[in-house]
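Tertiary structure, described
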Amino acid sequence: MRGILRNIPKIELHCHLDGSVRPETMYELLLQQEEDLHVSDIKEFEELVSVKEECNSLIEYLKKFSYPLKVMQRKENIERITYELLEDLSIQNVKYVEIRFAPFLHMNDGLNFNDVVESVLKGMERGREEFNILSNAILICMRHESLQNSLEVVEYGEKYLGKGVVAVDLAGNEQDFPPEIHKEAFELARKKGYKITIHGGETGAVENISKSIELLYAERIGHGIAAIKDPKVMELLREKNIYLEMCPISNLQTKAVDSIENYPIRKYMELGIGVTVNTDNTTVSNTSLEKEYKLLMEELNFSIEEILKLIDNSVEAAFISREEKETLRKKIQDELKELGL
Ligand SMILES: O=c1[nH]cnc2c1ncn2[C@@H]1O[C@H](CO)[C@@H](O)[C@H]1O
Ligand SMILES: [Zn+2]
């Protein structure tokens, strides 16, 4: 079974760039910057940059991003990290990925908004040329930042719409910063033609999901774990055909869910809610799509057909045109046929 999971063509819709930096690259760049790491080798460093069993909240999980963000303040590093992520994903047979990042987190040391976005887009372009992997970018507004900050993400990002940027997102500490703070920014994003996905009901209240849909115009929801608590919210997701970007391993680490047995994915599927499976952060969560699928098969008895259905859901939920979806679908089906699936 492992062989099959490794080889099947995959789609990734929820992947944070800063949470998915190769540890070796981070280590090399941190040493170059003469950062004091208090570790003696890469092995110890790897321990530092991903979460352990002891992680007991999203807030703790988010602390891990301080390492990658130290090195992601230079154009060449951002481009390289994007390019390397695409190389890693293409080796895992990921055909299409939406890469998300918060431009303002990369502006602490002299870069401006355009520098950051253009570096990611360059990395994406090189990745497409060399590894034949398609990608688009999602710009993140951070929940703890001001509304003004989110408005600027939307304003400054507009010129990249259709040139690699497709959507905006809201991420960060959900418990303390509800969606409505950023309402105006997402109203503006909708007017400007961005697609919208919002982290909601990850470790926060179930109302954050309905607020993200009704006030922030979310077309997809990141995680959506809390929906299980309210049949009305589940009905809203189903009726509006809003896909969930679920990330099982990350959700276990942040204690969004207490155990895999209680993971609501099957229930959602039975109710007709569109679900997709993603990694969230390959380095911080020390995961891959293969590991996520394997977990579902081993712990929740998913069949290979159900995994393929999840991948097809991701094609459907992707922020690309109908035509692009059909091309992607065809590519996937051709490969599956070759694999005898
Ligand atoms: O699962 C998550 N939930 C909420 N916020 C997250 C998650 N993963 C990463 N980030 C936040 O998004 C920023 C930009 O990528 C990261 O720096 C981190 O603060
Ligand atoms: Zn996320």
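Residues numbered from 1 in each chain as written. Chains lettered and ligands numbered in written order. Predicted model: local features only at pLDDT ≥ 70, side-chain atom pairs only at ≥ 80, totals over all residues. Heavy atoms only, no water.

Quick notes on the overall build of the protein
- Scanning the protein from N- to C-terminus turns up 16 helices and eight strands.
- Computed over the C-alpha atoms, the radius of gyration of the protein is 19 Å, within 12% of the 20 Å expected from 2.2 N^0.38 for a compact globule of 341 residues.
- Each principal axis of the C-alpha atoms in the protein carries an extent, and together these give about 50 × 45 × 45 Å.
- Sorting the 341 residues of the protein into buried and exposed places 58% on the buried side.
- Considering only contacts in the protein between residues 6 or more positions apart, those separated by 24 or more positions represent 75%.
- Summed over its atoms, the accessible surface of the protein is roughly 14,500 Å², and 47% of this surface lies on carbon and sulfur atoms.
- Positive and negative charge centroids in the protein, built from 43 and 62 side chains respectively, lie 4 Å apart. (Helix = DSSP H or I, 4+ residues; strand = E, 2+ residues; numbered from the N terminus. Rg over C-alpha atoms; globule rule 2.2 N^0.38 Å. Buried < 20%, exposed > 50% of the residue type's maximum accessible area, 1.4 Å probe, protein only. Contact = heavy atoms within 4.5 Å. Areas by Shrake-Rupley, 256 points an atom, 1.4 Å probe, with all protein chains shown as cover. Lys, Arg positive; Asp, Glu negative; His and termini not counted. Charge placed at Lys NZ, Arg CZ, Asp CG, Glu CD.)

Thoughts on the sheet that holds strand 2 (residues 94–101)
- The strand order across the open sheet formed by eight strands is 1-2-3-4-5-6-7-8, and the pairing between neighbours is parallel. The open sheet is flanked by strand 1 (10–16) and strand 8 (275–277), the only strands paired with a single partner. Averaged over neighbouring strand pairs, the angle between their axes works out to 25° when direction is ignored.
- Bridging between strand 3 (residues 134–142) and strand 4 (residues 165–171) involves six bridges; their strand directions are parallel. Within strand 4, the position partnered with Ile140 by the bridge is Asp169.
- Contacts from helix 8 (residues 147–157) reach strand 3 and strand 4, with the element oriented near 150° to strand 3. (Pairing = 2+ DSSP bridges. Axes fitted to C-alpha atoms, helices over the stretch in contact; angles between N-to-C directions.)

Observations regarding the site of ligand 1
- The environment of ligand 1 is formed by 15 residues, the closest being His16, Asp18, Gly172, Glu202 and Asp280.
- Between Gly172 and ligand 1, the recorded distance is 3.0 Å, taken from a backbone N or O atom to a nitrogen atom.
- In the environment of ligand 1, an oxygen atom lies 3.4 Å from a nitrogen or oxygen atom belonging to the side chain of His223.
- Burial of ligand 1 by the protein amounts to 97% of the accessible area it has alone, namely 410 Å².
- Class assignment for the residues of the shell around ligand 1 results in seven nonpolar, five polar and three charged. (Near = heavy atom within 4 Å. Polar contact = N/O pair within 3.5 Å; in protein donor to acceptor, adjacent residues only side chain to side chain. Nonpolar A, V, L, I, M, F, W, Y, C, P; charged D, E, K, R; others polar.)

Some remarks on the UniProt feature "binding site: Zn(2+)" (unreviewed entry) in the protein
- Within this structure's numbering, the places UniProt gives as "binding site: Zn(2+)" (unreviewed entry) are His14, His16, His199 and Asp280. A maximum C-alpha distance of 12.0 Å among these annotated residues, which run over 267 residues, shows that they cluster at one spot.
- Tracing the backbone shows His14 in strand 1.
- Residue classification places His14 among the buried positions, given a relative accessible area of 0%.
- Those residues within four positions of His14 in sequence are excluded, and the remaining contacts are Arg100, His199, Gly222, His223, Glu245, Cys247, Asn278, Thr279 and Asp280.
- Along the chain, the position of His199 falls in strand 5 (residues 195–200).
- Those residues in contact with His199, other than ones at most four positions away along the chain, are His14, His16, Arg100, Arg143, Asp169, Leu170, Ala171, Gly222, His223 and Asp280.
- Of the polar contacts made by the side chain of His199, one reaches the side chain of His16; its length is 3.3 Å. (UniProt positions renumbered as here; feature names shortened; annotations may be inferred.)

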